[in-house]
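A closer look at the structure
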Amino acid sequence: MQFSAAELARRLDLAVHGDPDIRVSGVATLARATRASLGFLANPRYRPQLAETQAGIVVMGAADAEGYTGTALVATDPYVAFARAAALFEARVAPAPGIHASAAIDPAAVVHPGAQVGAFASIGARSVVESGAVLGPGCVVGEDCVVGADCELGARVTLVRRVRLGRRVLIHPGAVLGADGFGLAMDAGRWLKVPQLGGVVVGDDCEVGANTTIDRGALDDTVLEDDVRLDNQIQIGHNVHIGAHTAMAGCSAVAGSARIGRYCLIGGGAGVLGHLELCDRVIVTAMSLVTHSIREPGEYSSGTPLMDNRSWRKSAARFKQLDALARRLGALRDN
Amino acid sequence: MQFSAAELARRLDLAVHGDPDIRVSGVATLARATRASLGFLANPRYRPQLAETQAGIVVMGAADAEGYTGTALVATDPYVAFARAAALFEARVAPAPGIHASAAIDPAAVVHPGAQVGAFASIGARSVVESGAVLGPGCVVGEDCVVGADCELGARVTLVRRVRLGRRVLIHPGAVLGADGFGLAMDAGRWLKVPQLGGVVVGDDCEVGANTTIDRGALDDTVLEDDVRLDNQIQIGHNVHIGAHTAMAGCSAVAGSARIGRYCLIGGGAGVLGHLELCDRVIVTAMSLVTHSIREPGEYSSGTPLMDNRSWRKSAARFKQLDALARRLGALRDN
Amino acid sequence: MQFSAAELARRLDLAVHGDPDIRVSGVATLARATRASLGFLANPRYRPQLAETQAGIVVMGAADAEGYTGTALVATDPYVAFARAAALFEARVAPAPGIHASAAIDPAAVVHPGAQVGAFASIGARSVVESGAVLGPGCVVGEDCVVGADCELGARVTLVRRVRLGRRVLIHPGAVLGADGFGLAMDAGRWLKVPQLGGVVVGDDCEVGANTTIDRGALDDTVLEDDVRLDNQIQIGHNVHIGAHTAMAGCSAVAGSARIGRYCLIGGGAGVLGHLELCDRVIVTAMSLVTHSIREPGEYSSGTPLMDNRSWRKSAARFKQLDALARRLGALRDN
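Residues numbered from 1 in each chain as written. Chains lettered and ligands numbered in written order. Predicted model: local features only at pLDDT ≥ 70, side-chain atom pairs only at ≥ 80, totals over all residues. Heavy atoms only, no water.

Concerning the relation of the copies chain C and chain B
The two copies are related by a screw motion: chain C maps onto chain B through a turn of 120° and a shift of 0.0 Å along the axis, at an RMSD of 0.0 Å. The transformation relating the two chain copies, once decomposed into turn and shift, fits a three-fold axis. Minimal C-alpha distance to the rotation axis in chain C is attained by G303 of chain C, lying at 3.4 Å. (Least-squares fit on C-alpha atoms with pLDDT ≥ 70 in both.)

Quick notes on the interface of chain C and chain B
The interface is formed by 64 residues belonging to chain C together with 76 residues belonging to chain B. In total, about 5,700 Å² of surface goes out of reach between chain C and chain B, with carbon and sulfur atoms giving 65% of it. Contact with chain B buries area across many residues of chain C, yet R156, L306 and F319 of chain C alone supply 14% of it, more than any other trio. Between E207 of chain C and K193 of chain B there is a salt bridge whose closest N-O contact spans 2.9 Å. (Contact = heavy atoms within 4.5 Å. Buried area = accessible area lost by both parts, 1.4 Å probe. Salt bridge = Lys/Arg side-chain N within 4 Å of Asp/Glu carboxyl O.)

What about the sheet that holds strand β35 (residues 271–272) of chain B?
Residues and elements named next belong to chain B. The ten strands lie next to each other as β9-β12-β15-β18-β21-β26-β29-β32-β35-β38, forming an open sheet whose pairing is parallel. Edge strands, defined here as strands with exactly one partner in the open sheet, are β9 (104–105) and β38 (289–290). Where β35 lies against β38, two bridges are found, and the strand directions are parallel. Bridging across to β38, V272 finds its partner in V290. (Pairing = 2+ DSSP bridges. Helix = DSSP H or I, 4+ residues; strand = E, 2+ residues; numbered from the N terminus.)

A closer look at the pattern of salt bridges
Counted under the stated rule, the structure contains 48 salt bridges over all chains. For R168 of chain A, the salt bridge is made with D205 of chain A, and the minimal N-O distance between the two is 2.7 Å. Of this pair, R168 of chain A sits in the loop between β19 (163–165) and β20 (170–171) while D205 of chain A sits in the loop between β24 (200–202) and β25 (207–208), placing them 37 residues apart in sequence. R318 of chain B is paired through a salt bridge with D323 of chain C; the nearest N and O atoms lie 2.8 Å apart. With R318 of chain B in helix α4 (residues 309–320) and D323 of chain C in helix α5 (residues 322–334), this pair bridges two chains. Neither residue differs from the other here; R318 of chain B and D323 of chain C are each classed as buried. A single network of salt bridges, built from pairs that share partners, joins D180, K193 and R216 of chain A together with E207, D227 and R229 of chain B. (Buried < 20%, exposed > 50% of the residue type's maximum accessible area, 1.4 Å probe, protein only.)

Some words on the UniProt feature "active site" (unreviewed entry) in chain A
Per the UniProt record, the feature "active site" (unreviewed entry) sits at H238 of chain A. Here H238 of chain A is in contact with G181, F182, G183, Q196, D215, R216, G217, A218, T222, G256 and S257 of chain A, once residues within four sequence places are set aside. (UniProt positions renumbered as here; feature names shortened; annotations may be inferred.)

What about the interface of chain B and chain A?
Listed per partner, the contact involves 64 residues of chain B and 75 residues of chain A. Between chain B and chain A, a total of about 5,700 Å² is buried, with carbon and sulfur atoms accounting for 65% of that surface. Here chain B and chain A share four salt bridges between them. Linking chain B with chain A are 26 residue pairs in polar contact (both at pLDDT 80 or more). For the side of chain B that touches chain A, the secondary structure elements donating two or more residues are α3 (78–89), β28 (229–230), β31 (247–248), β40 (307–308), α4 and α5 (322–334) of chain B. In the side of chain B that touches chain A, the residues fall into 36 nonpolar, twelve polar and 16 charged. Bridge count for strand β39 (residues 298–301) of chain A against β40 of chain B is two bridges, and the pairing is antiparallel. Across the sheet, Y300 of chain A pairs through a bridge with D308 of chain B, a residue of β40 of chain B. (Polar contact = N/O pair within 3.5 Å; in protein donor to acceptor, adjacent residues only side chain to side chain. Nonpolar A, V, L, I, M, F, W, Y, C, P; charged D, E, K, R; others polar.)

Some remarks on α4 of chain B
In a regular helix each residue adds 1.5 Å, so twelve residues correspond to 16 Å; α4 of chain B covers 17 Å between its end C-alpha atoms and thus fits that length. Residues of α4 of chain B that are buried include every one of N309, W312, S315, A316, R318 and F319 of chain B, and no others. (Expected span 1.5 Å × (residues − 1).)

What to know about the domain arrangement of chain A
The assigned domain composition of chain A is domain 1 (3–89) and domain 2 (157–300). Computed over C-alpha atoms, the centres of domain 1 of chain A and domain 2 of chain A are 37 Å apart. (Domains from an automatic or database assignment.)

Observations concerning the packing of aromatic side chains
This model, assessed by the stated rule, comprises 15 aromatic pairs over all chains. Here the aromatic rings of F120 of chain B and F120 of chain C are separated by 5.6 Å at their centres, their planes lie at 70°, and the arrangement is edge-to-face. Linking F120 of chain B in the loop between β11 (116–117) and β12 (122–123) with F120 of chain C in the loop between β11 (116–117) and β12 (122–123), this pair reaches from one chain into another. The pair F120 of chain B / F120 of chain C is uniform in exposure class, with both members buried. Pairwise contacts between aromatic rings join F40, Y79 and F82 of chain A into one cluster. Sitting over the face of the ring of Y263 of chain C, R281 of chain C holds its NZ or CZ atom 4.3 Å from the ring centroid. (Phe/Tyr/Trp six-rings, centres within 6.5 Å; stacked < 30°, edge-to-face > 60°. Lys NZ or Arg CZ within 6 Å of the ring centre and 35° of its normal.)

Thoughts on the sheet that holds strand β17 (residues 152–153) of chain B
Reading across from one edge, β8(B)-β11(B)-β14(B)-β17(B)-β20(B)-β25(B)-β28(B)-β31(B)-β34(B)-β37(B)-β39(B)-β40(C) is the order of the twelve strands in this open sheet, with mixed pairing throughout. Each edge of the open sheet is held by one strand with a lone partner, namely β8 (98–99) of chain B together with β40 (307–308) of chain C. Two elements, β28 of chain B and β31 of chain B, share two bridges in a ladder whose sense is parallel. By the bridge assignment, L230 of chain B is partnered in β31 of chain B with M248 of chain B.

Thoughts on the side chain of H245 of chain B
Residue position: H245 of chain B is located in the loop between β30 (241–242) and β31. In contact with H245 of chain B, other than residues within four places in its own chain, are M186, G189, R190 and W191 of chain A together with D226, D227, V228, R262, Y263 and C264 of chain B.

Things to note about the pairing of strand β21 (residues 176–179) of chain B
All names here are of chain B. With two bridges joining them, strand β18 (residues 158–161) and β21 adopt parallel strand pairing. Bridging across to β21, L159 finds its partner in L177. The pairing of β21 with strand β26 (residues 213–215) spans three bridges and is parallel. Across the sheet, V176 pairs through a bridge with T213, a residue of β26.

Let's talk about unusual backbone geometry
All names here are of chain A. The backbone phi angle of D144 is positive, close to 60°, even though this residue is not glycine. Among the secondary structure elements, D144 is positioned in the loop between β15 (140–143) and β16 (146–147). Judged by relative accessible area, which is 30%, D144 ranks as partly exposed.

Observations regarding the packing of α5 of chain B against α5 of chain C
Across the interface, α5 of chain B lies against α5 of chain C with an axial gap of 11 Å and an inter-helix angle of 40°. By crossing handedness, the relation of α5 of chain B to α5 of chain C is classed as left-handed. Taken together, the residues of α5 of chain C that come into contact with α5 of chain B (itself represented by L322, L325, R328, L329 and L332 of chain B) are L322, A326, L329, L332 and R333 of chain C. Residues belonging to the contact of α5 of chain B with α5 of chain C are distributed by class as follows: eight nonpolar, no polar and two charged. (Axes fitted to C-alpha atoms, helices over the stretch in contact; angles between N-to-C directions. Left-handed = near helix turned anticlockwise from the far one by under 90°.)

The structure is reproduced here in structure tokens:
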């Protein structure tokens, strides 16, 4: 697969600066690129590499292209343009419809002949797998689930029960959707389990990372609206509702019944306590804990900065004295 | 399945206020309930919904029932009463004893004829599965394990080796019990693996969440006493001991050889360092880190409050100066 | 299996103090040891147990051995010596070469006759499994992977695609290597997926914990050098590079394109933001967040100390006022 700069410009609707006939056969970072590579500059952190790169063609913004002597494809958003370019070079395997001979399909399940079901997959009663859907090896779909058209479930994905996926949902290996929410009531000194009678509803074009868990609701459903993007090892509690186009980074977690708006960005390892509401376009930085509802868009944080351990110990000791210190300061000022 | 208020009151030992003959066919939140639903009010956060709810019957406390004009079931603990009521409406599938034709059972394993073993499950040498136990599709039970009577293992649960489960233990999909503890010694510039010779012992009525991991002990066993409840994606290190009736929320973690008491509540994402001891009835709030042993029951926390990022940056910068600030304050006072 | 103190001393190159003929048949903690056990004292926390232990033989340092009246094996590093001793008592099952009848092997995959492939394992096109490698039940190896000689993959390990393991790599159940990195570009109000064209390269003698995830690179590979040790539930983002002999504790995470040096120790639940660089021999304490590159070896921390919740609330409230407090202090001083 080879493309000239002119062909790429046409396919991606970009302008060419430099040699329109130069051809590339793959994509690479600026640091590793050869003459036959398409590179890109999107993160200003890597701008110094532009002078040194061997890349035959580089996707970049107009400002960077101005002084550039090599061949550039000029984009309003170089990262978006690069993503589209990279997709041209990606070897996608078309689904091979059919059910692997080893798969265990309940007689009361319905698998569309245009779907692909891998080795050692199980599908439970009253579940439906629609056209173009792909279930990887070892997937387990329980009862009363729907896998929408063109969904792709990697190896060993589990939908426990009452999980309904929209179209083109991509789920990475080991993810578990629809397990019991963590509902317990203390009753005479022992835990009593609260039945989890709801399901999970996932909108179109969502992505769920490897080993991520999304519990089903206690009464109502747990809901991901369209185009929600979850990284690996995320935990979504029962009855959580996540608005469209929200993205969450790895190891973040949302406790039960919290409601997160649209176009939010939740940083890695961040947490949201139960029953809170976050409005649209909230950004939570990595490893912050959201302890109250947020009604204004913007960026929110908790935690302390990284320090060498010796200095940190001093600050940490003083943190314990903060209230006393503030009172002393107040007393001094009042003198 | 339909129940009248009078029948529910009788089965759950509650008092009826209002119409004893009104019938409901399901359970729902106050916000979504219809005339045919049983609702409940346990969290005061949802009290305002009581005036608006369409629920035919609502479980509530005596104080809330006083002014209520609809039909109420009055409970000392409305959440417990609701949990019991919801269980009446839950469609439980009885285990279907037998071993799926595809399962791979070691000749030296013993599976009780009253147990159910799902598709693509493996059971290793010298392991025992007792009566009424259910192993979901793709479960892997290694060598020298015991799955006690009436245990329920969801899809793809793995017991690596020397894992002994009591009775009625419920384990959700993807959990891994009995993997090697993380034991390493640095030896001449390379890591030397420390053999992990112990096992895992889980008491009766425990629950283990999806994708949670519990390592086996290095020498002695890792132990969960009876009625311990673990949410999803929890990590329990080797030789940890967790007391009866303790509950841990999602993504929390306990490092090796720590000992946690009975009736503790560990918040989501919280951590406990290795070799520490927590007495009974300790509460650790979400994302706190326990860095020393705790000898008094009570609630413990670390971290800082959530702030808008701009304000947080100012506080964070000052945190680094805390020791100097405190010294300056001391010097001022001494003047 | 029994060894006398003299035999152990000879095999492990240690000195005996006391009775060279005393025999032990297993290993144990000081607290649980019997006359037939070999114990050890490495962590000074457990020194008081030395006076009480029933252990027939104890591995310890020279200083502890001086006043000890029982039989001691004296080691420069008692923990290393104990690890070696314990390995003598460990019952290791030799791999039984061969492919389980149920396994699904792509015709274009190559499995060495000296490898062992467990029940319900899948191996994809153009993948190679080398001699002495063991794949546990339910493992899924996708396309274009290499499982090096003498690797051991526990149950349900998944290598998604383009994952190349060196020799003697040990991977615990549920780990997922080579899933898509989390690469997204916002394009006209919707997320556009960035193709993840790289792979994962894992050096010799690495260990990967249960349910840990390591994403494949976007363009270049994600890399673990030799002897990297990862505990359970760790998340490694795309294009991360981890230097040889680095160890990371459970639930820690490294975001995309970060570069971690050799001989680093990353504490449990700690996080490293994307694109940062950590030099060799950096220690990050538990649940700290690394927000800038680190160029000096040493120990680094963030967070606040654990406090009782009532006191913590006061300090936390003052943290929000820190900048104002510091300004007031400055004003006082300037008076």
